[in-house]
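# Structure assessment
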Amino acid sequence: DTVYVRFQLAAPDARVVAVAGSFNDWRSDELPMMRDRDGIWTVTVPLPVGEHRYQFVVDGAQWRPDPTAHAQVDDGFGGANSVIVVGARGLVRS
C-alpha cells in the first residue's frame, strides 16, 4: 500500500528546501519542495506503509529535523531524525 504524505516546513529565508529520508536513501536532491509566498515549503510524497525517518535539507547543506514531528530519534551524528509512521489508512503518527 502507498499513502501520499505532505511534508511542510516554514523557512522563509531559504533558497531551496528538500526532504530526504529512509524512503529515498537519504538523497538530498531527489524531493525538492515548493515555496509559497509566505515561506512555507511543501512536497507530497508517496510512501509505503511503515515507519520512516527523515530530515529537511535547507540550501543544500543544513539538515534539520521536522519541528512539528511528534517523534524524533538519534541520527547517529549528534542530531535527530524525525519519524513518521504510515498505516494503510493514512498517516498514523508524525
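Only a predicted model underlies this, so the values are computations on that prediction, with no experimental measurement involved.

Let us now look at the overall build of the chain. Of regular secondary structure, the chain possesses 0 helices and 9 strands. Overall, the chain shows an N-to-C arrangement of helices and strands of β-β-β-β-β-β-β-β-β. The globule rule puts the C-alpha radius of gyration for 94 residues at 12 Å, and the 13 Å found for the chain is close to it. By principal-axis analysis of the C-alpha atoms, the chain measures approximately 35 × 30 × 20 Å. A burial count over the chain gives 43% of its 94 residues as buried.

Our focus in this paragraph is the pairing of strand E4 (residues 40–48). Note that strand E1 (residues 2–10) and E4 share 9 bridges and pair antiparallel. Of the residues in E4, the one forming a bridge with Tyr4 is Pro46. Here 2 bridges tie strand E3 (residues 34–35) to E4, and the two strands are oriented antiparallel to one another. Bridged to Arg35 within E4 is Trp41.

Pairing between strand E2 (residues 17–21) and strand E5 (residues 50–58): 5 bridges, direction antiparallel. By the bridge assignment, Gly21 is partnered in E5 with Tyr54. In this sheet, strand E8 (residues 80–87) lies alongside E5 in antiparallel orientation, the contact comprising 5 bridges. Each residue of the ladder has a partner; that of His52, found in E8, is Ile84. By the bridge criterion, 3 bridges tie E5 to strand E6 (residues 62–64) in an arrangement that is antiparallel. By the bridge assignment, Val58 is partnered in E6 with Gln62. Between the end of E5 and the start of E6, which pair antiparallel, lie 3 residues, with Asp59 showing a positive phi angle near 55°.

Moving on: the pattern of salt bridges. What the rule picks out here adds up to 3 salt bridges. Between Glu30 and Arg27 there is a salt bridge, and its shortest N-O distance comes to 2.5 Å. Of the charged contacts, one joins Arg53 and Glu51 as a salt bridge, the two residues approaching to 3.8 Å between their closest N and O atoms. Judged by relative accessible area, Glu51 falls into the partly exposed class, the value being 46%.

Right, let's talk about the sheet that holds E4 for a bit. The strands that make up a sheet pair up through hydrogen bonds in the backbone, lying either parallel or antiparallel. Taken together, the 3 strands give an open sheet; going across it, the order is E1-E4-E3, and neighbouring strands pair in antiparallel fashion. The open sheet terminates on both sides in strands that have one partner only, identified here as E1 and E3.

Conventions we followed
- Residues numbered from 1 in each chain as written.
- Predicted model: local features only at pLDDT ≥ 70, side-chain atom pairs only at ≥ 80, totals over all residues.
- Heavy atoms only, no water.
- Helix = DSSP H or I, 4+ residues; strand = E, 2+ residues; numbered from the N terminus.
- Rg over C-alpha atoms; globule rule 2.2 N^0.38 Å.
- Buried < 20%, exposed > 50% of the residue type's maximum accessible area, 1.4 Å probe, protein only.
- Pairing = 2+ DSSP bridges.
- Salt bridge = Lys/Arg side-chain N within 4 Å of Asp/Glu carboxyl O.

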